[in-house]
Amino acid sequence: MSTTAVRTSTTSPEPTRVSTLRRGLRAIGAQNLSLVAAIVAVMLFIGSQNSAFYLTSNLKTIGMAVTISGLLAIVQTVVIVMGGIDLSVGSVAGLASVSSAMLFTHFGAGVSILGALAIGAVCGVVSGCIVVFGRVTPMIATLAGLIAFKGVAQLISDGRAQGYTGADNVYIFLARGSMIGIPTLVWVLAVVAMAVHVLLRYTRVGRNIYAVGGNDTAARLSGVNINRYIIGVFVLAGAVAALAGVLITARTGSGQPISGSEGLEFQSITAAALGGVALRGGKGTIGGTILAVVLLGVLLNGMSLLGVNPFWQNVAQGSLLIAAVVIQQLRNGERRVGLPK
């Protein structure tokens, strides 16, 4: 009996380590592991072509560059998980950028930031109400918002950059400040990502958002007020998009009605799809979206370092979006259009 006990004590740690490793890999997920592998492969390739890629200053540049698109990708993830889509986040960011700069001219930094966030929330209310009470699909409602909010930004700014925030301490801290060596912009992205991650994963609100996206009929029968959740998620998307607009103002030193925000809605959708968010709703994580944002940031930075024509960046993003959607369809076993299954 003593021999058996000794054998048991000497062989038990190995299976424990293996099972722990398996649990860890399972918790990370195959989708996230593939994204990490892609990031490493892209970094190694770009670094082999241009050693300046590994400079600390360049890595900080990547982190600061992905902040704005990352914020929009985070809220786009929440909207898509709920079963919708928000094409207006870029226009809301542009409107908030102009509004924050114009408010700053008269009331200072604090009021300008709070005012911009409130305007973004109002835009979210408008989009949500159109979806709920107008019975319009989120794609059409937010497509209208994309055009309308951009028009409002151009109207109030006369189509030109407004204000100058480049000398204000608050905006300077947002754009060029840092804490423990990490840029403030990256901290903003990290805090918002963590907050939304906790909301989705550990709260009843988050579970209900997944339930609405997975099966809205079942969610309604379970007592979930779907209309309230739809409006609430669009308000969240508008407010975070407005925060991205404030950061655009901080980075450029003035309010930009279009420049800096154009095309961000498609970047956010690409990041969400690439991060494994099911476009039909009900599935997706903030962690996967953040990894996709980093992959896109590394790829675009590398293309700039290697002197690739900037127009190819749009081609690369479009190709990645198509690839992500095709992979999702194949995984879900979707029937091919016009062809037998």
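All of these numbers come straight from a predicted model, not from anything done at the bench. (Residues numbered from 1 in each chain as written. Predicted model: local features only at pLDDT ≥ 70, side-chain atom pairs only at ≥ 80, totals over all residues. Heavy atoms only, no water.)

### Looking at the overall build of the protein chain
In step 1: In terms of regular secondary structure, the protein chain is built from 15 helices and 2 strands.
In step 2: The globule rule puts the C-alpha radius of gyration for 341 residues at 20 Å, and the 22 Å found for the protein chain is close to it.
In step 3: The dimensions of the protein chain, computed from C-alpha atoms along their principal axes, are 85 × 55 × 45 Å.
In step 4: Counting over 341 residues, the protein chain shows a buried share of 43%.
In step 5: Within the protein chain, counting contacts between residues at least 6 apart in sequence, those at least 24 apart form 77% of the total.
In step 6: For the protein chain, the accessible surface area stands at approximately 17400 Å², while carbon and sulfur atoms represent 66% of it.
In step 7: Side chains of the protein chain carry 22 positive and 8 negative charges; the gap between the two charge centres is 14 Å. (Helix = DSSP H or I, 4+ residues; strand = E, 2+ residues; numbered from the N terminus. Rg over C-alpha atoms; globule rule 2.2 N^0.38 Å. Buried < 20%, exposed > 50% of the residue type's maximum accessible area, 1.4 Å probe, protein only. Contact = heavy atoms within 4.5 Å. Areas by Shrake-Rupley, 256 points an atom, 1.4 Å probe, with all protein chains shown as cover. Lys, Arg positive; Asp, Glu negative; His and termini not counted. Charge placed at Lys NZ, Arg CZ, Asp CG, Glu CD.)

### So, the layout of surface pockets
One water molecule sets the probe size; rolling that probe over the atoms shows where empty space is left.
In step 1: Computed from the structure, the largest pocket encloses a volume of approximately 940 Å³.
In step 2: Lining the largest pocket are 38 residues, and of these Asn 32, Thr 285, Ile 286, Gly 287 and Ile 290 sit closest to its centre.
In step 3: Only helix H2 (13–28), helix H3 (30–49), helix H4 (56–81), strand E2 (182–183), helix H9 (184–202), helix H14 (286–305) and helix H15 (311–332) provide two or more residues apiece to the lining of the largest pocket.
In step 4: The residue makeup of the lining of the largest pocket, split by class, is 21 nonpolar, 13 polar and 4 charged.
In step 5: Every residue lining the second largest pocket is counted, 30 residues in all, and those nearest its centre are Ala 65, Ser 69, Leu 264, Gln 267 and Leu 300.
In step 6: Counting residues per element, the lining of the second largest pocket draws most heavily on H4, which supplies 7 residues.
In step 7: Its residues assigned to classes, the lining of the second largest pocket shows 13 nonpolar, 15 polar and 2 charged. (1 Å grid on protein atoms, 1.4 Å probe; cavity = no way out; pocket = protein on both sides within 12 Å on 5 of 7 lines; lining within 4 Å. Points joined across faces, edges and corners; volume = space filled by probe spheres on them. Nonpolar A, V, L, I, M, F, W, Y, C, P; charged D, E, K, R; others polar.)

### Topic: H4
In step 1: Across its 26 residues, H4 extends 35 Å between first and last C-alpha, which sits within 8% of the 38 Å expected from 1.5 Å per residue.
In step 2: The largest bend in H4 is about 40°, located at Thr 67.
In step 3: Counting buried residues along H4, 19 of its 26 residues qualify, which places the element largely inside the surrounding structure.
In step 4: Positive phi shows up at Gly 83, right after H4, with a value of about 100°. (Expected span 1.5 Å × (residues − 1). Bend = angle between axes of the 7 residues up to and from the residue.)

### Description of unusual backbone geometry
In step 1: In this structure, Arg 135 is a non-glycine residue whose phi angle is positive, near 55°.
In step 2: As for its position among the elements, Arg 135 is in the loop between helix H6 (109–133) and helix H7 (138–157).
In step 3: We classify Arg 135 as exposed; its relative accessible area is 77%.
In step 4: Despite not being glycine, Ile 180 shows a phi value in the positive range, around 45°.
In step 5: Looking at the secondary structure, you find Ile 180 in the loop between strand E1 (178–179) and E2.

### A short note on the UniProt feature "transmembrane region" (unreviewed entry) in the protein chain
In step 1: Here, UniProt's "transmembrane region" (unreviewed entry) annotation points to residues 32–55, 61–82, 113–133, 140–157, 177–200, 229–251 and 286–305.
In step 2: With 100% helix and 0% strand, residues 140–157 has its two end C-alpha atoms placed 26 Å apart. (UniProt positions renumbered as here; feature names shortened; annotations may be inferred.)

### Here we look at the packing of H3 against H14
In step 1: Between H3 and H14, the shortest axis-to-axis distance is 10 Å and the interhelical angle comes to 15°. As summarised for this structure, H3 and H14 are arranged roughly parallel, according to the angle between their axes. Of the two elements, H3 crosses H14, and the hand of that crossing is left-handed. Across the interface between the two elements, Asn 32, Leu 35, Val 36, Ala 38, Ile 39, Val 42, Met 43 and Ile 46 from H3 touch Gly 287, Gly 288, Leu 291, Ala 292, Val 294, Leu 295, Val 298, Leu 299 and Gly 302 from H14. (Axes fitted to C-alpha atoms, helices over the stretch in contact; angles between N-to-C directions. Parallel < 35°, antiparallel > 145°, perpendicular 65-115°, else oblique. Left-handed = near helix turned anticlockwise from the far one by under 90°.)

### Brief notes about empty space enclosed by the protein
In step 1: The tally for this structure, following the rule as stated, stands at 2 cavities of 30 Å³ or more.
In step 2: Roughly 40 Å³ of internal volume is contained in the second largest cavity.
In step 3: Every residue along the wall of the second largest cavity is listed here: Asp 86, Ser 88, Val 89, Val 92, Cys 123, Gly 124, Ser 127, Phe 149, Phe 234, Ala 237, Gly 238 and Ala 241.
In step 4: Of all elements in the fold, only helix H5 (89–107), H6 and helix H12 (226–252) reach the threshold of two or more residues within the lining of the second largest cavity.

### Brief notes about the environment of Val 277
In step 1: Position of Val 277 among the secondary structure elements: in the loop between helix H13 (264–274) and H14.
In step 2: Take Val 277: its relative accessible area is 0%, and that puts it in the buried class.
In step 3: Separated by 27 residues in the primary sequence, Val 277 and Ala 250 place their C-alpha atoms 30 Å from one another.
In step 4: Those residues within four positions of Val 277 in sequence are excluded, and the remaining contacts are Thr 77, Ile 80, Val 81, Ala 272, Lys 283, Gly 284, Thr 285, Thr 289 and Gln 328.

### Quick word on the packing of aromatic side chains
In step 1: Under the defined criterion, the tally for this structure stands at 2 aromatic pairs.
In step 2: Between Phe 53 and Tyr 54, the aromatic rings sit 5.6 Å apart at their centres with planes inclined by 75°, giving edge-to-face as the arrangement.
In step 3: Taken together, a centroid distance of 5.6 Å and an interplanar angle of 80° make the contact between Phe 104 and Tyr 171 edge-to-face. Here Tyr 171 lies in helix H8 (residues 169–176) and Phe 104 lies in helix H5, a separation of 67 residues in the sequence. (Phe/Tyr/Trp six-rings, centres within 6.5 Å; stacked < 30°, edge-to-face > 60°.)

### Considering the packing of H13 against H14
In step 1: For the pair H13 and H14, interaxial distance at closest approach is 7 Å and the crossing angle is 120°. Relative to H14, the element H13 lies oblique. With respect to the hand of their crossing, H13 and H14 are arranged in right-handed fashion. Contacts between H13 and H14 pair Gln 267, Thr 270, Ala 271, Ala 272 and Leu 274 from the former with Thr 289, Ala 292, Val 293, Leu 295 and Leu 296 from the latter.

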